[in-house]
Amino acid sequence: MHELSIVVNILDVVEENAARHNATVVHEIEMEVGELSGVEFDALSFAMEHAPKSEMLKDVTFTIRRIQPVARCNECDHPFATNEYSTACPHCGSFKTEIIRGNELRIKSFNMD
Amino acid sequence: MCNTCGCDQPDNKTKYTIPGHDHEHGQGEGQARDPQQAGGRAHAHTHHHEQDHSHSKVVQLEQDVLAKNNLKAERNRGYFDAKNILAINMVSSPGSGKTTLLEKIITDLKPEMSFFVIEGDQQSLNDARRIDATGTPVLQINTGSGCHLDAEMVDKAVKQLRVADGAVLVIENVGNLVCPAMFDLGEACRIVIISVTEGEDKPLKYPGMFHSSDVCVINKTDLLPHVDFDVEKAREYAMQVNHHLRFFEVSAKTGEGMDAFYIWLKGLVKSR
């Protein structure tokens, strides 16, 4: 359960950047989160709702774009969608695959005044 | 980055202790920073904003949430490179025999290489005392409620420990197969340890850790006659998660299989 501290960190980063842009209020934070990023989505949503927030961020909403992982097979170069690290290539059956997308845990943008 | 789990209490801060200097490192030195307390208002956000801020400004940030830790980890890596220090991050679930394995490695290779050790546990100096007994410089990080070490903690620990140029720095992470996977410490090599008293499907259940590791040590092989652990299956599962893994099957207790591990470790030290 490291999601709460991850959210606290997100709020920290956004507040720091919002202050640099002379914001008085941040309305929305847009995130990109890969399904293999190591966070639990339900725990993340819970943490987003309950994390302590400063005045500037007190009404902030989160928009999370989930990123479906994609792996590529080292044997046949076939890219394929997956939900886990240990998936055989649907094309040739090899487990020699690399995750090329789906590890993201990124603050994409925020909306402020 | 944090004391993960978000339950970092004022009396539950990260502590850094060198055995025998138990009273000297309190406030100020190597304290993890406070979690964000500003405002302190938990706000359950249920209402929707209509288009009431259409005039507001969108700032494109494109920043990795772990960027701070990753940056610190790269700084650690640069420091280790410059000082010719080989940093190894040992990760596993609690009870896989990390400390026993480390004691064995240090005792056997001490004449040939200089070791420094950072121990990570939520509480107690037990592991640091065991390493201290081998005559190796060691520092214990107690993370309090935290479930992993991060790059910032390692940076502080390395400075307090005064790791010598050319040394092998072994960082024994908090026993946890989940959270430490996400936190780069700046190590050159990550070793995941699994013992034969665990299930052979651990790599499938906790793939993040096996995916992020370079080496997998299967420990306690002396117990194989007494347990149902299938070594081949464990290797197969781990390879499904990460086909780059290098395996060693050892018993830190009897020394069985340690020679192959030592040849590899010496090669790694040499190749720096």
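See above for the structure.
Residues numbered from 1 in each chain as written. Chains lettered and ligands numbered in written order. Predicted model: local features only at pLDDT ≥ 70, side-chain atom pairs only at ≥ 80, totals over all residues. Heavy atoms only, no water.

(A) Spatial organisation of the overall build of chain A. Looking only at helices and strands, chain A has 2 helices and 7 strands in total. Starting at the N terminus and walking to the C terminus, you meet the elements of chain A as α-β-α-β-β-β-β-β-β. Counting across all 113 residues of chain A, residues that qualify as buried make up 52%. Put simply, of all contacts in chain A between residues at least 6 apart along the chain, 68% involve residues at least 24 apart. Summed over its atoms, the accessible surface of chain A is roughly 4900 Å², and 46% of this surface lies on carbon and sulfur atoms. With 10 positive and 19 negative side-chain charges, chain A shows a spacing of 5 Å between the two charge centroids. (Helix = DSSP H or I, 4+ residues; strand = E, 2+ residues; numbered from the N terminus. Buried < 20%, exposed > 50% of the residue type's maximum accessible area, 1.4 Å probe, protein only. Contact = heavy atoms within 4.5 Å. Areas by Shrake-Rupley, 256 points an atom, 1.4 Å probe, with all protein chains shown as cover. Lys, Arg positive; Asp, Glu negative; His and termini not counted. Charge placed at Lys NZ, Arg CZ, Asp CG, Glu CD.)

(B) Examining the pairing of strand β7 (residues 105-112) of chain A more closely. Burial analysis of β7 of chain A places 7 of its 8 residues in the buried class, which makes it a mostly covered element. Here 6 bridges tie β7 of chain A to strand β3 (residues 57-64) of chain B, and the two strands are oriented antiparallel to one another. Bridge assignment links I107 of chain A to a residue of β3 of chain B, and that residue is Q63 of chain B. (Pairing = 2+ DSSP bridges.)

(C) Layout of the sheet that holds β3 of chain B. With mixed pairing, the 4 strands of this open sheet are ordered in space as β3(A)-β1(A)-β7(A)-β3(B). In the strand order of this sheet, the two ends are held by β3 (61-67) of chain A together with β3 of chain B, each with one partner. Taking each pair of neighbouring strands and ignoring which way they run, the sheet shows an average axis angle of 15 degrees. Sheet analysis places strand β1 (residues 26-34) of chain A next to β7 of chain A, joined by 7 bridges and oriented antiparallel. Looking at the pairing, V33 of chain A lines up with L105 of chain A of β7 of chain A. (Axes fitted to C-alpha atoms, helices over the stretch in contact; angles between N-to-C directions.)

(D) Structural context of the side chain of T82 of chain A. Positionally, T82 of chain A belongs in the loop between β5 (79-81) and β6 (97-101). Sequence-distant contacts of T82 of chain A, defined by excluding residues within four places in its chain, comprise Q68, P69, A71, T87 and I99 of chain A.

(E) Representation of helix α1 (residues 3-20) of chain A. All names here are of chain A. A rise of 1.5 Å per residue sets the reference length of α1, with its 18 residues, at 26 Å; its end C-alpha atoms lie 26 Å apart and thus fit the reference within 8%. Most of α1 sits inside the fold, with 13 of its 18 residues counted as buried. The first or second residue beyond α1 is N22, which carries a positive phi of 55 degrees. (Expected span 1.5 Å × (residues − 1).)

(F) Helix α4 (residues 151-161) of chain B, seen in detail. Residues and elements named next belong to chain B. Counting buried residues in α4 gives 8 out of 11 residues, a clear majority hidden from the surface. Listing the buried residues of α4 in full gives A151, M153, V154, D155, A157, V158, Q160 and L161. For α4, the elements touching its buried residues are β1 (15-17), α1 (67-82), β5 (115-121), β6 (138-142) and β7 (168-172). Positive phi appears at R162, one or two residues downstream of α4, with a value of about 50 degrees.

(G) The arrangement of the packing of aromatic side chains in detail. Residue and element names in this part refer to chain B. Scanning all chains against the criterion turns up 5 aromatic pairs over all chains. For the ring pair Y79 and F80, a centre distance of 6.1 Å and an interplane angle of 65 degrees mean the geometry is edge-to-face. With a relative accessible area of 3%, F80 lands in the buried category. Residues F248 and W264 carry aromatic rings whose centres are separated by 5.6 Å and whose planes lie at 45 degrees to one another, so their mutual orientation is tilted. Of this pair, F248 sits in strand β10 (residues 246-249) while W264 is found in helix α8 (residues 258-270), placing the two residues 16 residues apart along the sequence. Among the aromatic residues, those joined into a ring-pair cluster are F248, F261, Y262 and W264. (Phe/Tyr/Trp six-rings, centres within 6.5 Å; stacked < 30°, edge-to-face > 60°.)

(H) Region of the structure containing the packing of α1 of chain B against α4 of chain B. Residues and elements named next belong to chain B. For the pair α1 and α4, the least separation of the axes is 8 Å and the interaxial angle reads 35 degrees. For the pair α1 and α4, contact is made by N69, K72, A73, N76, Y79 and F80 and by A151, E152, V154, D155 and V158, respectively. A class-by-class count of the residues in the contact of α1 with α4 yields 6 nonpolar, 2 polar and 3 charged. (Nonpolar A, V, L, I, M, F, W, Y, C, P; charged D, E, K, R; others polar.)

(I) Structural view of the pattern of salt bridges. Residues and elements named next belong to chain B. Under the counting rule described, the total for this entry stands at 21 salt bridges over all chains. Where E152 meets K156, a salt bridge forms, and the shortest distance between an N and an O atom there is 3.6 Å. Residue E152 and its partner K156 are both found in helix α4; the two are separated by 4 residues, about one turn of the helix. Here E152 falls in the partly exposed class, since its relative accessible area comes to 34%. For K156, a relative accessible area of 22% puts it in the partly exposed group. Between K202 and E198 there is a salt bridge, with the nearest N and O atoms lying 2.7 Å from each other. E198 carries the same exposure label as K202, and that label is buried. (Salt bridge = Lys/Arg side-chain N within 4 Å of Asp/Glu carboxyl O.)

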